[in-house]
Amino acid sequence: MNITQLKAALPRELLASVVVFLVALPLCMGIAIASGMPPAKGLITGIIGGVVVGFLAGSPLQVSGPAAGLAVLVFELVRQHGMGMLGPILLLAGVLQLLAGRLRLGCWFRVTAPAVVYGMLAGIGILIVLSQVHVMFDTAPQPSGMQNLLEFPATLKAALPQEAAGNGWQAGALGLGTIALMWGWERWRPQKLRFIPGALLGVATMTIISMWLALPVNRVVVPADLSEAIDWIRPDDLLKLADPTLLVAAFALAFIASAETLLSAAAVDRMQSGPRSDFDRELSAQGIGNMLCGVLGALPMTGVIVRSSANVQAGAQTRASAILHGLWLLAFVVVLSSVLQQIPVASLAGVLVYTGIKLVDFKAFRGLGRYGRMPMFTYAATALAIVFTDLLTGVLLGFALTLLKLAFKAARLKINLVSLAQPGHMELRLSGAATFLKVPALTKALEAVPAGTHLHVPLANLRYMDHSVLELLEDWARAQRQLGARLIIEPRGLKRRIEGRLRTAPEC
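Parameters at a glance
Residues numbered from 1 in each chain as written. Predicted model: local features only at pLDDT ≥ 70, side-chain atom pairs only at ≥ 80, totals over all residues. Heavy atoms only, no water. Helix = DSSP H or I, 4+ residues; strand = E, 2+ residues; numbered from the N terminus. Contact = heavy atoms within 4.5 Å. Areas by Shrake-Rupley, 256 points an atom, 1.4 Å probe, with all protein chains shown as cover. Buried < 20%, exposed > 50% of the residue type's maximum accessible area, 1.4 Å probe, protein only. Pairing = 2+ DSSP bridges. Salt bridge = Lys/Arg side-chain N within 4 Å of Asp/Glu carboxyl O. Axes fitted to C-alpha atoms, helices over the stretch in contact; angles between N-to-C directions. Parallel < 35°, antiparallel > 145°, perpendicular 65-115°, else oblique. Left-handed = near helix turned anticlockwise from the far one by under 90°. Nonpolar A, V, L, I, M, F, W, Y, C, P; charged D, E, K, R; others polar. Polar contact = N/O pair within 3.5 Å; in protein donor to acceptor, adjacent residues only side chain to side chain. Phe/Tyr/Trp six-rings, centres within 6.5 Å; stacked < 30°, edge-to-face > 60°. Core = buried A, V, L, I, M, F, W, Y, C linked by side-chain atoms within 4.5 Å. Arc of directions from axis to C-beta. Expected span 1.5 Å × (residues − 1).

**Concerning the overall build of the chain**
A count of helical and extended segments in the chain gives 20 helices and 7 strands. Across its three principal directions, the C-alpha atoms of the chain cover 100 × 65 × 55 Å. Excluding contacts between residues fewer than 6 apart, the proportion of contacts in the chain whose partners are at least 24 apart in sequence is 79%. Accessible surface, the chain: about 24,000 Å² in total, of which carbon and sulfur atoms supply 65%.

Here is the structure:
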């Protein structure tokens, strides 16, 4: 784009950037709180995601920043290893993303089965809801989803007005009010005001009400100087990355962030007819962004569909909008940090509860039914495993179920034993893939062949045959040879799909 075109597009990009900034501001702080981190950490990630990654991105209209999908993983990492170790883990995850982009592996991150991705997002959404309902009543969340669920009655009881302890009901009312405004605005907002995000409207309204009534609720803590929120990575912490658990955490973080980013980029491509995404460049840009976040001790980032869709709907056509939104975040934090300090934490928790509910996409779950019951089962199993165990276990279970489905599908084999017109001759017709999984069924079929039969085995309809099946046929031929039986293998058509070579003549 030349200078003249840029000047003509600047007013449109400025408007789009303001819209994205208004969407990003409450989400950056809310996701940080949900991750067990100070709100300023989320703002730093949002600024880097806009200014740095926006400039380097392979998906020009995608907007990067802290993502709700990583909040659960970050919360667990901070709880187990401390806030200081998040930086080294994130730095290594960023290096892995950068290498993956340079090695042109971007397309492979999109190979993940949709059932696993949707199930992962649903499980994360449930965990966010279970944790943030406690924050919404000004109490601390528990370490696990089950504990959050079991402790909720106690949190609700403590928040009742008649309890001497206090003011949880006031915070809860602000959180519920935020959710109600977001839901109502999404359903009934006027067309002319569609650019105003519901999250901003809910947070701003509840902040004004809390200040007007002087409610004694927890409020956001943001330093007057943003540099105070920066925790530079320490060389001593880098040495701790030799711990296998931290290496696994870095790989998990890199994989989940990359998958979410590239799925979001693909969704942005479907929303507009402009330039298509370069997935490898986008992956490299995300790696650089996460490396910077690791060095500064901020939150991890991904490409975020909520901000990206707002960017597209606001009319953005270049990367200038994403870059400008990062500059708006920086300017707001520097100039108006005192305004941020008036925001009730409960209202931001309400935003996260609403976001978590939206992550549980029942429409996607029903859509998987078109492909059979297995994808729906994989979705549900992945989500429930994340809730009852942890994020990594749930994702690994989803992959295991997907591979199991592929294994069974690849091992489908039709076996028919038919008599031929020539007396004493039969044909064992095989269609599909003859693998070790079908050895029992083939053994049963061979046992039904009468003694002394000439058995023809045409292989033209086989996609694949492994060595275990071939050895089974050869063993049968050797055992039956003394009874006058012969095995006649007709490999024509199978070509190289037999694992190994025929060690005996086609006619045994």
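**Overview of the pairing of strand 4 (residues 425–434)**
Summarising burial for strand 4: 8 of the 10 residues are buried, a large majority. As paired strands, strand 3 (residues 413–419) and strand 4 are joined by 7 bridges and run antiparallel to one another. Looking at strand 4, one finds that K414 is bridged to S431. Between the antiparallel neighbours strand 3 and strand 4 lie 5 residues, among them G424 with a positive phi of about 80°.

**Considerations on the pattern of salt bridges**
In the structure shown here, the tally under the stated rule is 9 salt bridges. Note that D237 is salt-bridged to R234, the shortest N-O span being 3.0 Å. Two residues, K240 and D237, come together in a salt bridge whose shortest N-O distance is 3.5 Å. One continuous salt-bridge network, built from bridges that share partners, spans R234, D237 and K240.

**Points about unusual backbone geometry**
Generally, phi is negative for residues other than glycine and the peptide bonds are trans, each holding for most cases. The phi angle at R104 is positive, at roughly 60°, despite the residue not being glycine. Summarising the element assignment, R104 is placed in the loop between helix 4 (86–102) and helix 5 (114–135). When its relative accessible area of 58% is taken as the criterion, R104 is described as exposed.

**Things to note about the packing of helix 5 against helix 15 (residues 345–359)**
Helix 15 packs onto helix 5 with a crossing angle of 155° between their chain directions and a minimal axis gap of 8 Å. On the basis of their axis angle, the class for helix 5 and helix 15 is roughly antiparallel. As for how helix 5 packs across helix 15, the hand of that crossing is left-handed. Together, L121, A122, I124, G125, I128, V129, Q132, V133 and V135 of helix 5 and V345, A346, A349, L352, V353, G356, I357 and L359 of helix 15 make up the contact between the two elements. Partitioned by chemical class, the residues of the contact of helix 5 with helix 15 number 14 nonpolar, 3 polar and no charged.

**Observations regarding the environment of I343**
Inspection of the secondary structure assignment puts I343 in the loop between helix 14 (337–340) and helix 15. Separated by 138 residues in sequence, I343 and T205 place their C-alpha atoms 9.9 Å apart. Those residues in contact with I343 that lie beyond four places of it in its chain are M29, V203, T207, N218, R219, V220 and L348.

**What to know about the side chain of T155**
Position of T155 relative to the elements: it lies in helix 6 (residues 145–158). A polar contact is formed between the side chain of T155 and the side chain of H134, at a distance of 2.8 Å. With residues near it in sequence (within four places) discarded, T155 still touches H134, F137 and T139.

**Re the packing of aromatic side chains**
A complete count under the given rule lists 5 aromatic pairs for this structure. Taken together, a centroid distance of 5.4 Å and an interplanar angle of 85° make the contact between W183 and W188 edge-to-face. Judged by its relative accessible area of 43%, W183 is partly exposed. Looking at W188, the relative accessible area reads 58%, which means it is exposed.

**Some thoughts on the nonpolar core**
In this structure, L25, M29, L43, I89, M120, L340 and L391 are the most contacted members of the largest nonpolar core, which totals 91 residues. In terms of residue count, the dominant contributor to this core is helix 1 (residues 3–34) (14 residues). Leaving out residues up to four positions away in the same chain, I89 has contacts with L77, L241, L246, A249, A250 and L253. Counting residues in hydrophobic clusters, the runner-up holds 23 residues, among them M426, A434, L446 and L459.

**Structural notes on the environment of G177**
The topology assignment puts G177 in helix 7 (residues 168–188). With a relative accessible area of 17%, G177 lands in the buried category. Along the backbone, G177 and V203 are 26 residues apart, and their C-alpha atoms lie at a distance of 9.1 Å.

**So, helix 19 (residues 439–447)**
Looking at helix 19, one finds that the buried residues are L442, A445 and L446. The buried residues of helix 19 occupy one face: seen down the axis, they fall within an arc of 100°. The outward face of helix 19, more than 90 degrees from its buried face, is lined by the exposed residues P440, K444 and E447. Residues of helix 19 that are buried sit in contact with strand 3, strand 4, strand 5 (454–458) and helix 20 (467–480).

**As for helix 17 (residues 373–388)**
For helix 17, with 16 residues, the first-to-last C-alpha span of 22 Å sits near the 22 Å given by 1.5 Å per residue. Looking at helix 17, one finds that the buried residues are P375, T378, Y379, A381, T382, A383, A385, I386 and V387. Each element contacted by the buried residues of helix 17 is listed here: helix 5, helix 6, helix 16 (362–368) and helix 18 (391–410).

**What about the packing of helix 4 against helix 10 (residues 244–271)?**
As a packed pair, helix 4 and helix 10 sit with axes 8 Å apart at the nearest point and diverge in direction by 55°. When the axes of helix 4 and helix 10 are compared, the pair comes out oblique. In terms of crossing hand, the pair formed by helix 4 and helix 10 is right-handed. Residues I89, L90, L92, A93, L96 and Q97 of helix 4 lie in contact with helix 10, whose contacting residues are L246, L247, A249, A250, F251, L253, A254, A257 and S258. Here the contact of helix 4 with helix 10 is built from residues that sort into 13 nonpolar, 2 polar and no charged.

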